Amino acid sequence: MAASQRNLGRLRRQLRVRKKVLGTEARPRVCVFRSNKHIYAQVISDSEGKTLAAVSTLSRELSSLKNRRGVEAAKQVGLALARLCKEKNITRVVFDRNGFLFHGRVKAVADGAREGGLEF
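Residues numbered from 1 in each chain as written. Predicted model: local features only at pLDDT ≥ 70, side-chain atom pairs only at ≥ 80, totals over all residues. Heavy atoms only, no water.

1. With respect to the sheet that holds strand β4 (residues 94-96)
For the record, the criterion: When DSSP finds at least two bridges between two strands, those strands are taken to pair. Only DSSP runs of H or I covering at least 4 residues are called helices, and only runs of E covering at least 2 are called strands; the numbering of each starts at the N terminus. Here an axis means a line fitted to C-alpha atoms, over the contact stretch when the element is a helix, while the angle between two N-to-C directions is reported on a 0 to 180 degree scale.
Strand order in the open sheet formed by 4 strands is β3-β2-β1-β4, and the pairing between neighbours is mixed. Whereas interior strands pair on both sides, the edge strands pair on one side only; in this sheet they are β3 (50-56) and β4. With strand direction ignored, the average angle separating the axes of adjacent strands in the sheet is 20°. Two strands pair when backbone bridges link them, and strand β1 (residues 29-34) and β4 are joined in this way by 3 bridges, in the parallel orientation. Within the sheet, the bridge partner assigned to Arg29 lies in β4 and is Val94.

2. A word on a positive patch on the surface
How we decide: By definition, no residue in a patch forms a salt bridge, and every one has over 30% relative accessible area; like charges are joined within 9 Å, nonpolar side chains (Val, Leu, Ile, Met, Phe, Trp, Tyr) within 5 Å. With residues, only the protein chains shown are counted as cover, and all accessible areas are computed by Shrake-Rupley using a 1.4 Å probe. For this document, the term salt bridge refers to a Lys or Arg side-chain nitrogen within 4 Å of an Asp or Glu carboxyl oxygen. None of His or the chain ends enter the tally, which takes Lys and Arg as positive and Asp and Glu as negative. By convention, the point assigned to a charge is CZ for Arg, NZ for Lys, CD for Glu and CG for Asp. Partly exposed residues are those whose accessible area sits between 20% and 50% of the maximum for their type, while under 20% is buried and over 50% is exposed, using a 1.4 Å probe and protein chains only.
A cluster of like positive charges, contributed by Arg12, Arg16, Lys19 and Lys20, occupies part of the molecular surface. Tracing the chain through its elements places Lys20 in helix α1 (residues 5-20). By relative accessible area, which is 74% here, Lys20 ends up exposed.

3. Digging into the confidence of the model for the chain
Just so we agree on the cut-off: As a per-residue measure, pLDDT reflects the predictor's confidence and takes values from 0 up to 100.
Counting all residues, the mean pLDDT for the chain is 91, and 98% of those residues have values of 70 or more. Model confidence for the chain, summarised as mean pLDDT per element, is weakest for α1 at 86 and strongest for helix α3 (residues 105-116) at 96.

4. Quick look at the packing of aromatic side chains
For clarity, the threshold we go by: Within 6.5 Å between ring centres, the rings of Phe, Tyr and Trp (the latter by its six-membered ring) count as paired, and their orientation is classed by plane angle as stacked under 30 degrees, edge-to-face over 60, tilted in between.
One pass over the structure, following the stated rule, counts 4 aromatic pairs. Centroid distance Phe33 to Tyr40: 6.0 Å. Interplanar angle 40°. Geometry classified as tilted. Note on Tyr40: relative accessible area 31%, which makes it partly exposed. Seen from their ring centres, Phe95 and Phe120 are 5.3 Å apart, and the 15° between their planes marks the pair as stacked. Of this pair, Phe95 sits in strand β4 while Phe120 sits in the segment after α3, and the two are 25 residues apart along the sequence. By relative accessible area, which is 31% here, Phe120 ends up partly exposed. Of the aromatic side chains, those joined through ring pairs into one cluster are Phe33, Tyr40 and Phe100.

Structure below.
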């Protein structure tokens, strides 16, 4: 099945970014995925190949959100991810925008994570 041109462009950007951004045990990678309805963020250790923490607008912690779309919901995802990382003693991370432009909801996740105490 052929992917759309927009998706191919994002995949190309994703590979270009991923060459430079690598999550280690000391600084795991925060990977953000944005769909039309929801936003997902996970902390990944590439050296072990494990997901250390994951939060999305579908998570139970964010079930009280009135609107699960938009910038405000994305910021809450970032804050929840920072809380989860603090419980697991993760303070320094590398941000992976996953081929998406760094504005809007993707930027809101980053801002929420920074506000929650994560260092990029």
